[in-house]
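Inside the fold
One-letter residues, chain by chain:
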Amino acid sequence: MKAGNHSYRRATDIDTVIPVFPLSAALLLPGGHLPLNIFEPRYLAMTDRALAGSRLIGMIQPRLDGAIRADGEPELCQVGCVGRLSSVSETGDGRYLVTLNGICRFRVIEEIAVKTPFRQCRIVPFESDLHENEDDEEAIDRGALLRAFRAYLDANNLEADWDSVNQAENASLVNALSMMVPYGAAEKQALLEAPDLKTRADTLIAITEIVLAQGRHGSGRQLQ
């Protein structure tokens, strides 16, 4: 897996302890690009630390049941995704505009006690995410995926760059659409934890069909 200027081929290429950024309904997947507006002091410090080191940050959601720790911070889901800071710009008003390139998913082994203002976890990477699998690509029902995507766009009066969509490989298309659709935290976590690309595609199609049948049309946010 290549992210920015660096390639990650083995689990040992990923730090065993990484800073984590808990953010509900935000999804980063391997190969994806997630833009973030960083403004909280603790996450500004996290960005500075990452830039001075391996440039790795773990995106993760607060636990879906809303569990809270004794210190008032949310408990975390067990699965997140490691991203590499591939671009960082300063706004002049104290913020960072950054882009994370998704590398691989990870499982949290434990959250460690730290003196930094941001949280850090000991993790185990999903090494299979670092390697392309042609069988996964071929197993995707691309037609069904595109029909569901078109139905979502039509229901929300949205447009897409169909030239880019039609040229995208299956893996890129599935992961980009999974990150793009404005669904809730539970749906995003289900897409993240799908064991393989085909399951993620099938899950995305099923969620979209349910959302459209219920007339919910996502969470009210627009596609980015």
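Refer to the structure presented above.
The following paragraphs examine the structure supplied in this document. All values derive from a computational prediction rather than experimental measurement.

Looking at the environment of R105
If you trace the backbone, R105 turns up in strand β7 (residues 96-112). Here the alpha-carbon distance between R105 and V82, two residues 23 residues apart in the chain, equals 5.9 Å. Dropping the residues within four chain positions of it, R105 is found in contact with P30, G80, C81, V124, P125, F126, D129, L192, E193, A194, P195 and R200. There is a polar contact of 2.9 Å between the side chain of R105 and the side chain of D129. One polar contact links the side chain of R105 to the main-chain carbonyl oxygen of L192, over a distance of 2.9 Å.

Here we look at the environment of Y152
With respect to the secondary-structure elements, Y152 resides in helix α3 (residues 142-155). Classification of Y152 as buried rests on a relative accessible area of 2%. It is 7.0 Å that separates the C-alpha atoms of Y152 and L212, two residues lying 60 residues apart in sequence.

Thoughts on the pairing of strand β4 (residues 33-38)
Taking every second residue as pointing to the same face, the buried face of β4 carries L34, L36 and I38, while none of H33, P35 and N37 on the other face is buried. Where β4 and β7 come together, six bridges link them in antiparallel fashion. Among the inter-strand pairings, L36 is bridged to a residue of β7, identified as V98.

Here we look at the packing of aromatic side chains
The description of an aromatic ring pair uses the distance of the two centres, along with the angle that the planes make with each other. According to the stated counting rule, one finds three aromatic pairs in the structure shown. Looking at R150, its charged tip hangs above the ring of W162, at a distance of 4.2 Å from the centre.

Some remarks on helix α1 (residues 41-52)
If you check α1, its first and last C-alpha atoms are 17 Å apart, about what 12 residues at 1.5 Å a residue would give, namely 16 Å. Buried within α1 we find Y43, L44, M46, T47 and A50. One side of α1 carries all its buried residues, which in axial view fall inside an arc of 155°. Seen from the buried face of α1, the exposed residues on the opposite side, beyond 90 degrees, are P41 and A52. Against the buried residues of α1 lie β3 (17-22), β4, β5 (56-60), β6 (79-90) and β7.

Here we look at helix α7 (residues 197-214)
The first and last C-alpha atoms of α7 sit 26 Å apart over 18 residues, in line with the 26 Å expected at 1.5 Å per residue. Here α7 has its buried residues at L197, R200, A201, L204, I205, I207, T208 and V211. One side of α7 carries all its buried residues, which in axial view fall inside an arc of 165°. Exposed positions of α7 whose direction lies more than 90 degrees from the buried face are E209, A213 and Q214. One side-chain oxygen at the N-terminal end of α7 lies 3.3 Å from the backbone nitrogen of K198; it belongs to D196. With its phi angle positive at about 70°, G215 sits one or two positions after the end of α7.

Structural notes on the nonpolar core
Side chains that are nonpolar tend, in soluble globular proteins, to be buried together. Within the largest apolar cluster, 46 residues are counted, with the highest numbers of intra-cluster contacts made by F21, L36 and I38. Once you skip the residues sitting within four places of it in the chain, L36 turns out to touch F21, L23, M59, Y96, L97, V98 and L100. One finds L56, I60, C77 and I103 within the second-largest nonpolar core, a separate group that totals 17 residues.

Criteria and thresholds
Residues numbered from 1 in each chain as written. Predicted model: local features only at pLDDT ≥ 70, side-chain atom pairs only at ≥ 80, totals over all residues. Heavy atoms only, no water. Helix = DSSP H or I, 4+ residues; strand = E, 2+ residues; numbered from the N terminus. Contact = heavy atoms within 4.5 Å. Polar contact = N/O pair within 3.5 Å; in protein donor to acceptor, adjacent residues only side chain to side chain. Buried < 20%, exposed > 50% of the residue type's maximum accessible area, 1.4 Å probe, protein only. Pairing = 2+ DSSP bridges. Phe/Tyr/Trp six-rings, centres within 6.5 Å; stacked < 30°, edge-to-face > 60°. Lys NZ or Arg CZ within 6 Å of the ring centre and 35° of its normal. Expected span 1.5 Å × (residues − 1). Arc of directions from axis to C-beta. Core = buried A, V, L, I, M, F, W, Y, C linked by side-chain atoms within 4.5 Å.

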